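So you can see what is in the structure, the chains are spelled out below.
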Amino acid sequence: MRDVTTAQPLDVQPTPLALLLLGREADPRSERGVECPGDLPSPSDPDLVARARAAKEKLGDRVFVLGHHYQRDEVIQFADVTGDSFKLARDAAARPEAEYIVFCGVHFMAESADILTTDAQAVVLPDLAAGCSMADMATAEQVAECWDVLTEAGVADQVVPVSYMNSSADIKAFTGKHGGTICTSSNAKRALEWAFEQGEKILFLPDQHLGRNTAVRDMGLELEDCVLYNPHKPNGGLTAEQLRNAKMILWRGHCSVHGRFSVESVEDVRARIPGVNVLVHPECKHEVVAAADYVGSTEYIIKALEAAPAGSKWAIGTELNLVRRLANRFAAEDKEIVFLDKTVCFCSTMNRIDLPHLVWTLESLAEGKLVNRIEVDPETEKYAKLALERMLALP
């Protein structure tokens, strides 16, 4: 029998994937960063708020802090502006005098800000690990392979790509290069209408639910007009005939937060709170959207609650940080606002931006050290910006 106490260690080198999973390397083609150089302050440091405030005051107009709606309250208190991803990117572009754009959001949002701001500005992401699972579900290699499948099926010349804002710069660039446009959850219908004027079919990336809900609920298409392309199956799991018959080719991607809501969640909250209004984001599943009373983007949700009468009751199907913030905001107006699901559901990657990371970022910048800069290469930026400009030109 082998003596395990004297056995020599195996000379095994960890694979790149293993290193990535261990947090010791980074994949530049992925939304998921894994490194954060420098020493973070302790989350138990009672002076974090004062330190963040002091560093921000020292930087003055040189820094512009953007806070996405899904951020923690501890972070959002330091944001100069709040909003959804595209609004924030445009806000950054409107502040050319700011040397540093600190984006409290996720990686693809910082990329969009870098595309729309000047070369003299540096876009900074406080934690490189703040990615987006939805954006990660469509890589440049997978989408290029999909286009080959469409070409072999004889339909590529009929297809116009439309990519959701929640996608990497590489995917936005692919969209721009192939004559397509970008959309947000607010203008998805207009983007699809434009795309159908350019071609007979749409390849919608990367969120299947927003694409399906917009096509069927807002534009009157049938569910049978939509097919689901699975990048992990040969030919996307579709036949050439299915691709030829389809009007909407939906990428198999989804939001890990909004995808959790179910029809059972809707039925349960209606039973618990008589007279409740159910308001959900269009990234939710089609059956959930069909069961809701109202459907709309993050900005739509906020405006709907602002306009809601006192005493009204609302169950909201979106990220929990925002729902909790809205519940606190409107409590004085006697508006009852609850989370649609009983299960706590934060956006885990968005929540990586916490107060210690923000303090570290602001203090580093105040000391003249540029950290965690997000830069899109010129070729990618060129075509991604083209796709974004097509969206901006939509009527």
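Details of the structure are given in the entry above.
All figures in this text were calculated on a predicted structure; none of them were measured in a lab.

Novice: Just to check I follow, could you spell out the packing of aromatic side chains for this structure?
Specialist: For any pair of aromatic rings, the description rests on two quantities: the centre-to-centre distance and the angle between the ring planes. All chains considered together, the criterion is met by four aromatic pairs. With centroids separated by 5.6 Å and ring planes inclined at 80°, the aromatic side chains of Trp147 and Phe174 adopt a geometry described as edge-to-face. Of the two residues, Trp147 sits in helix H7 (residues 140-152) while Phe174 sits in helix H8 (residues 169-177), which places them 27 residues apart along the sequence. The buried category is assigned to Trp147, whose relative accessible area is 13%. Stacked on the ring of Phe64, the Lys or Arg Arg95 has its end atom at 4.2 Å from the ring centre. The side chain of Lys177 reaches across the aromatic face of Tyr383, ending 4.8 Å from its centre.

Novice: Can you help me understand helix H16 (residues 355-366) in this one?
Specialist: What sets the pattern is the α-helix's 3.6 residues per turn: residues three or four places apart point alike. The terminal C-alpha atoms of H16 lie 16 Å apart, and with twelve residues this matches the ideal 16 Å at 1.5 Å per residue to within 8%. Counting buried positions along H16 gives eleven out of twelve residues, so the element sits mostly inside the fold. Three or more residues of H16 are buried, namely Leu355, Pro356, His357, Leu358, Val359, Trp360, Thr361, Leu362, Ser364, Leu365 and Ala366. Those residues of H16 that are buried are in contact with helix H2 (48-59), strand E1 (63-68), helix H3 (73-76), strand E3 (100-104) and strand E4 (122-124). A positive phi of about 85° marks Gly368, the residue just after H16.

Novice: What is the right way to read the pattern of salt bridges from this model?
Specialist: Side chains bearing opposite charge may pair, as long as their charged atoms lie close to each other. Taken as a whole and judged by the stated rule, the model has 14 salt bridges. Here Asp218 and Arg217 are joined by a salt bridge, their closest N and O atoms 3.1 Å apart. Its relative accessible area of 31% is what places Asp218 among the partly exposed residues. Across the pair Glu306 and Arg329 runs a salt bridge, and its minimum N-O distance is 2.7 Å. With a gap of 23 residues between them, Glu306 in helix H14 (residues 298-307) and Arg329 in helix H15 (residues 320-330) connect regions that are remote in the sequence. Among the charged side chains, a salt-bridge network with shared partners connects Asp45, Arg51 and Glu363.

Novice: Sorry if this is basic, but what is going on with the environment of Leu388 here?
Specialist: Its place among the elements puts Leu388 in helix H17 (residues 378-392). By relative accessible area, Leu388 is classed as buried at 0%. Leave out the neighbours within four places in its chain, and Leu388 touches Phe86, Ile115, Leu116, Met165 and Ile182.

Novice: Help me understand the side chain of Asn187 in this model?
Specialist: Looking at the secondary structure, you find Asn187 in the loop between strand E6 (181-183) and helix H9 (188-198). Within the structure, the side chain of Asn187 is placed 2.7 Å from the backbone nitrogen of Thr184, a separation counted as a polar contact. Aside from chain neighbours lying at most four places away, what touches Asn187 is Met391 and Leu394.

Novice: Teacher, can you tell me more about the pairing of strand E5 (residues 159-164) here?
Specialist: Two faces belong to every sheet, and in a regular strand the side chains alternate between them. Extensive coverage of E5 is indicated by the burial of six of its six residues. What you see with E5 is no split at all: Val159, Pro161 and Ser163 on one side and Val160, Val162 and Tyr164 on the other are buried throughout. Summarising the sheet, E5 and strand E7 (residues 201-205) pair through five bridges and their orientation is parallel. The partner of Val162 across the bridge, within E7, is Phe204. Summarising the sheet, E5 and E6 pair through three bridges and their orientation is parallel. Paired with Ser163 across the strands is Ile182, a residue of E6. On the question of chirality, the crossover connecting E5 to the parallel E6 by way of H8 is right-handed.

Reading guide: rules and limits
Residues numbered from 1 in each chain as written. Predicted model: local features only at pLDDT ≥ 70, side-chain atom pairs only at ≥ 80, totals over all residues. Heavy atoms only, no water. Phe/Tyr/Trp six-rings, centres within 6.5 Å; stacked < 30°, edge-to-face > 60°. Helix = DSSP H or I, 4+ residues; strand = E, 2+ residues; numbered from the N terminus. Buried < 20%, exposed > 50% of the residue type's maximum accessible area, 1.4 Å probe, protein only. Lys NZ or Arg CZ within 6 Å of the ring centre and 35° of its normal. Expected span 1.5 Å × (residues − 1). Contact = heavy atoms within 4.5 Å. Salt bridge = Lys/Arg side-chain N within 4 Å of Asp/Glu carboxyl O. Polar contact = N/O pair within 3.5 Å; in protein donor to acceptor, adjacent residues only side chain to side chain. Pairing = 2+ DSSP bridges. Right-handed = clockwise from strand over helix to strand, strands pointing away.

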